[in-house]
Amino acid sequence: MSYVPRLVDGVEVTPILDAVGPLGAGLRRPLTELFSGGSAEDWDVVGDGEWVLHFRCYLLRGPGRVVLVDAGIGGNDSPASTWAPVPGRLVQELAGVGVAPGDVDTVVLTHLHSDHASGAIGEGVPVFPNARHVIQRAEIEWIEGGGPSPTLERVVRPLTMLIDAVNGAAPVMPGVRVAPAPGHTPGHQVVEVGNVTLTGDLVVHPVQVVNPRVVYAHDEDSERAVESRRAVLDGVRARGGAIGTSHFAEPFTELG
Ligand SMILES: [Zn+2]
């Protein structure tokens, strides 16, 4: 598909659609069970029909730099394949905008859930072999502390040599930095590009923009997630900016 990049302070931000579909059968539940704490008025704003997720990564291009935010679902046998609707198309979609895997110099993983990280590995080896992979140290400690899991064994371990574990806010490229936003997972991070913040799963459904206190059933720590959500959304709003989300139908949501 064709993409319209958004130019932010000299950085070209291109949303790349990896997949579209509902949650897998085992995870599918009514929206009001997946999300708690919302009022009828909150749902009136956004609608509570079937949740069709978009799975989106973002490409950031500046002079001499190619950065990818999140790596998507991955192939047929990826750890996300047990629940994601379809395999990811990231590599083909990147080719469509003139980017080969070897061109990517940095991959930022907002967090280590399988629909954001699995596409970093294909057939057991790194898909983006020339990229450092920026992940919060707290996130790596969390996934390692959880014992053996498909994401640990089949994504994080094969990436080890390429991982750049950061503690807190850290620069990524001129005009771009990561900042911690824990709660969905302990080391979840967002990516700030000028007045645009790429949110990962800080918000997963538009109802959480309407009411940041709405809790998602798959948040690891719902109270921290609410705190992070309020802080990040308030900050973007104060700057008159926008968020770029992973799972909303539209890539950018203006908060200004
Ligand atoms: Zn997600």
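By the naming in an unreviewed UniProt entry, the chain is Glyoxylase-like metal-dependent hydrolase (Beta-lactamase superfamily II), taken from Sphaerisporangium rubeum. Taken verbatim from the UniProt record of the chain, the Sequence similarities (unreviewed entry) comment is "Belongs to the metallo-beta-lactamase superfamily."

Participant: Sorry, what's going on with the overall build of the chain here?
Facilitator: For the chain, the count of helices and strands is eight helices and 17 strands. A compact globule built from 256 residues would reach a C-alpha radius of gyration of about 18 Å, and the chain, at 17 Å, matches this within 12%. Structurally, the chain occupies a C-alpha span of about 50 × 40 × 35 Å along its principal axes. Pairs at least 24 residues apart make up 71% of the contacts formed inside the chain by residues separated by at least 6 positions. Accessible surface for the chain amounts to roughly 10600 Å². Of this, 52% is attributable to carbon and sulfur atoms. Positive and negative charge centroids in the chain, built from 18 and 31 side chains respectively, lie 4 Å apart.

Participant: Just checking my understanding: could you explain unusual backbone geometry for this structure?
Facilitator: Negative phi characterises most residues that are not glycine, and trans characterises most peptide bonds. Of note in this structure, Asp9 is not a glycine but carries a positive phi near 50°. Tracing the chain through its elements places Asp9 in the loop between strand 1 (6-8) and strand 2 (11-22). Located in the positive-phi region is Glu123, a residue other than glycine, with phi close to 50°.

Participant: Please clarify how the side chain of Ser118 should be interpreted in this entry.
Facilitator: Position of Ser118 among the secondary structure elements: in the loop between helix 4 (114-117) and strand 7 (121-122). Looking at Ser118, the relative accessible area reads 1%, which means it is buried. A polar side-chain atom of Ser118 sits 2.6 Å from the main-chain carbonyl oxygen of Ser114.

Participant: Can you help me understand the sheet that holds strand 17 (residues 252-254) in this one?
Facilitator: Spatial ordering of the open sheet is given by 11-12-13-14-16-17, a layout of six strands whose pairing is mixed. Edge strands, defined here as strands with exactly one partner in the open sheet, are strand 11 (170-173) and strand 17. For this sheet the average axis-to-axis angle between neighbouring strands, irrespective of direction, equals 25°.

Participant: Looking at this structure, I do not really get the layout of surface pockets. What am I missing?
Facilitator: Gaps left between atoms are located by rolling a probe of water-molecule size over the structure's atoms. Volume-wise, the largest pocket comes out at about 410 Å³. Trp83, Leu112, His113, Ser114 and Asp115 are the residues nearest the centre of the largest pocket, which is lined by 23 residues in total. If you list the elements that add at least two residues to the lining of the largest pocket, you get helix 4, helix 5 (137-145) and helix 6 (150-159). Across the lining of the largest pocket, the residue classes tally to eleven nonpolar, nine polar and three charged. Counting only elements with at least two residues in the lining of the second largest pocket, the list comes to helix 3 (90-96), strand 7 and helix 6. Residue composition of the lining of the second largest pocket, grouped by class: eight nonpolar, ten polar and five charged.

Reading the values: the criteria
- Residues numbered from 1 in each chain as written.
- Predicted model: local features only at pLDDT ≥ 70, side-chain atom pairs only at ≥ 80, totals over all residues.
- Heavy atoms only, no water.
- UniProt positions renumbered as here; feature names shortened; annotations may be inferred.
- Helix = DSSP H or I, 4+ residues; strand = E, 2+ residues; numbered from the N terminus.
- Rg over C-alpha atoms; globule rule 2.2 N^0.38 Å.
- Contact = heavy atoms within 4.5 Å.
- Areas by Shrake-Rupley, 256 points an atom, 1.4 Å probe, with all protein chains shown as cover.
- Lys, Arg positive; Asp, Glu negative; His and termini not counted.
- Charge placed at Lys NZ, Arg CZ, Asp CG, Glu CD.
- Buried < 20%, exposed > 50% of the residue type's maximum accessible area, 1.4 Å probe, protein only.
- Polar contact = N/O pair within 3.5 Å; in protein donor to acceptor, adjacent residues only side chain to side chain.
- Pairing = 2+ DSSP bridges.
- Axes fitted to C-alpha atoms, helices over the stretch in contact; angles between N-to-C directions.
- 1 Å grid on protein atoms, 1.4 Å probe; cavity = no way out; pocket = protein on both sides within 12 Å on 5 of 7 lines; lining within 4 Å.
- Points joined across faces, edges and corners; volume = space filled by probe spheres on them.
- Nonpolar A, V, L, I, M, F, W, Y, C, P; charged D, E, K, R; others polar.

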